[in-house]
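Below, each chain spelled out in residue letters.
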Amino acid sequence: MNNIVVCIKQVPDTADVKINPETNTLVREGVKSIINPFDMYAIEEAVRLKEKTGAKTIVITMGPPQAEAALKEAISMGIDEAYLVSDRAFAGSDTLATSYTLANAIKKTGEFSVILCGKQASDGDTAQVGPGISTHLDIPQVTYVKKIEEFKDNTARVERMTEEGFEILEAPLPCLFTVVKEINEPRLPSLKGIMRSKSAKIKLLNAQELDIEADRLGLKGSPTQVVKIFSPERRKGGEIFNCAAEEAAEKLVNILKDSLH
Amino acid sequence: MMDYLLNEQQIMIRDLCKQVAEEKIAPVAAEYDKTEEFPWPIVKALAQADLFGVSIPEEYGGLGGGVLETCIATEELSKACGGITLCFAASYLGLDPILLFGTNEQKKKYLPDLAAGKKLAAFAVTEPAAGSDASAIQTTAKKKGDHYILNGTKHFITNGGDADIYVVIAMSDKTKGARGATAFIVEKGTKGFTFGKKEDKLGIRASSTRELIFTDCEVPKENILSREGMGFIVTMKTFDVSRPGVASQALGIAAGALEAAAKYSKERVQFGKPISSFQGIQWMLADMATEIEAARALIYSTARMIDAGVKNVSKESAMAKLFASDVAMKVTTDAVQIFGGYGYMKEYPAEKRMRDAKITQIYEGTNQIQRNIIALQLIKEMAK
């Protein structure tokens, strides 16, 4: 089996996220950075697949230099190799530019059989980068995977969560999976892993090293425009009409009419 | 906490154990205390984190640390649960005699699996009629060709039934008294080796305590640790290096109790103020913190002494165990007092720590035996 690649993102610890009420942006100062919690399941699954198949595991992230800490944590959990995709040219990337950049970076890491991503990041919550990567690489994707059953004849058999239950799907390799928390319980780092992560060399990939089109990067390559971010107002509690059905219906219609004006 | 000038690896062990304690052990401690099931999922998590190999040399798959590293780990884990941690610490007690007295072959055979946490170890000395008086051991080992035939019953054996590798002390020559005891490595599954009653205990309930029964159990002579007749030396030397571990378990239980009590005292409001604002509570907390720090200082110093290769450490080791376990009993009792009525209820973890602490004054030599050891050394030193 070829490499197993895990894509991760460093995010602010959701346990203490605050929003600046004036600018409506995340307050990042003094907030601890962690690996996106959903990506922890992707890392764990990669390590389990490695233990089962002997494949090499690679972790990759796009972000500022301090994202190296997230990569080292992945190594301490048992991932073999780490790549940091980092360049000023990548700043301001939306999910389209990010998935384009990451897809090209993944090509630089060697032949791969499986790409694993968390189902979404806890900061942006878009769930778009994983599927975006598979599209740019022109490989199949299965989202919301809750179990990787087996690999056979270059095909993966997986269970995918749906709102009603789950589907069993088969996909040819290489394939991208985004995983949900039901898939496993992430392990803690090991002592030997932590020691290895301290001396591990993180490979840096910048814009120049990727064969990519400059106008598809960063802010320039990002058609998404964030018009406004705001904390939603708290919904008021509903009102109960304690009266006959006809009267209640009339009251309701009037309220709805008024709200249109 | 006082700065003990720990090195990078020791800090790493401490931090990782803190994470294991908070994320894996604390959420399930009350449940295991109730069900008395053996905490295999936690044992697996500790194994995966390489924590079973902390004091095992690198050539046998360990991390090459010493007693101090084991103490740091035991303390940190015990803050969350002294019972679950015992499954871990008792495995070290079982492997210590192999580390100290094992031949290269024995070490190669047993230590890698123990370091990886694939197997657990246990140490079996105690018998129904041989507690503090270990010379009263009744289990016999009769030589027969290349084998020894073991007969007898050990009881109160921690990790009994769940461990795979046992170091068992048996009398190979009753006429020689203490010099007639021999230490054997006995593997689970050996013919004639079975398990008896599992104890229902006051505390450390996640840990298994069980009888070992030997009925014409054949053990090859290669499984002798050290030599025939060295059983008591093996036992005493093992306890010398393992007692700081028991002390660390006591220390961790106490430190966990203090942390919980201090936190509660800031939240609990009586007479319109948090009870932490009352001097009566403040002084209790101050005494608890001081005694805990003194215990830690004694344990760490003793552990460093052992790791530096000092020969006779019986006195210091006994002092660490005696002091830390007495501190644990006092601190956990005071913690219950600070929690007041809530402290007495099973819904809060305060009473559990008090139950868990008690055993540390009893096992691996009662605190009365520790005082005997200390006094004996004192008198010997004075005679010089």
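Starting afresh in each chain, residues are numbered from 1 along the sequence in its written order. Lettering for chains starts from A, numbering for ligands starts from 1, and both go in the order in which the items are written. Reporting of local features is limited, given that this is a predicted model, to residues whose pLDDT is at least 70; pairs of side-chain atoms are given and counted only at 80 or more, and all residues count toward the totals for whole chains, interfaces and linings. No hydrogens and no water enter the side-chain calculation; it runs on all heavy atoms of the structure.

### A word on the environment of A:Pro64
Residue and element names in this part refer to chain A.
Okay, so step 1: Strands here are runs of E lasting at least two residues and helices are runs of H or I lasting at least four, both read from the DSSP assignment and numbered beginning at the N terminus. Residue position: Pro64 is located in the loop between β6 (57-62) and α2 (68-76).
Okay, so step 2: Between the alpha carbons of Pro64 and Glu159 there is a distance of 34 Å; along the sequence they are 95 residues apart.
Okay, so step 3: Pro64 has contacts with Leu84 and Ser86, leaving out every residue within four places of it along the chain. Residues count as neighbours in contact if any of their non-hydrogen atoms are within 4.5 Å of one another.

### Re the interface of chain B and chain A
Okay, so step 1: Facing 17 residues of chain B, the contacting portion of chain A comprises 12 residues.
Okay, so step 2: A combined buried area of about 1,300 Å² lies between chain B and chain A, and 66% of that area is made up of carbon and sulfur atoms.
Okay, so step 3: Computed with a 1.4 Å rolling probe, the buried area is the accessible surface lost when two parts are put together, summed over both parts. Interface area lost by chain B to chain A is led by B:Met12, B:Lys24 and B:Gln48, which between them contribute 41%.
Okay, so step 4: Where B:Glu8 meets A:Lys198, a salt bridge forms, and the shortest distance between an N and an O atom there is 3.3 Å.
Okay, so step 5: Any pair of N or O atoms that falls within 3.5 Å is considered a polar contact. Within protein, one atom must be able to donate a hydrogen and the other to accept it, and sequence-neighbouring residues count only if both atoms are side-chain atoms. In this assembly, chain B and chain A are joined by eight residue pairs in polar contact (both at pLDDT 80 or more).
Okay, so step 6: If you tally residues by element for the side of chain B that touches chain A, the top one is helix α1 (residues 8-25) of chain B, at nine residues.
Okay, so step 7: Looking at the side of chain B that touches chain A, its residues break down into eight nonpolar, five polar and four charged. Salt-bridge detection follows one rule: a side-chain nitrogen of Lys or Arg within 4 Å of a carboxyl oxygen of Asp or Glu. Amino acids are sorted into nonpolar (Ala, Val, Leu, Ile, Met, Phe, Trp, Tyr, Cys and Pro), charged (Asp, Glu, Lys and Arg) and polar (every other residue, Gly among them).

### Points about the nonpolar core
Okay, so step 1: What we call a nonpolar core is a set of buried Ala, Val, Leu, Ile, Met, Phe, Trp, Tyr and Cys residues that are connected through their side-chain atoms within 4.5 Å. Classification of residues uses two cut-offs on accessible area relative to the type maximum, computed with a 1.4 Å probe and protein chains only: under 20% is buried, over 50% is exposed, and between them is partly exposed. Membership of the largest hydrophobic core comes to 119 residues, with the highest contact counts inside it found for B:Leu51, B:Leu150, B:Phe184 and B:Val186.
Okay, so step 2: Sort the elements by how many residues they give to this core and helix α7 (residues 231-267) of chain B lands first, with 14 residues.
Okay, so step 3: In contact with B:Phe184, other than residues within four places in its own chain, are B:Ala141, B:Tyr148, B:Leu150, B:Tyr166, B:Val167, B:Val168, B:Ala170, B:Val219, B:Asn223 and B:Ile224.
Okay, so step 4: Residues A:Met40, A:Leu71, A:Ala156 and A:Cys175 belong to the second largest nonpolar core, which totals 36 residues.

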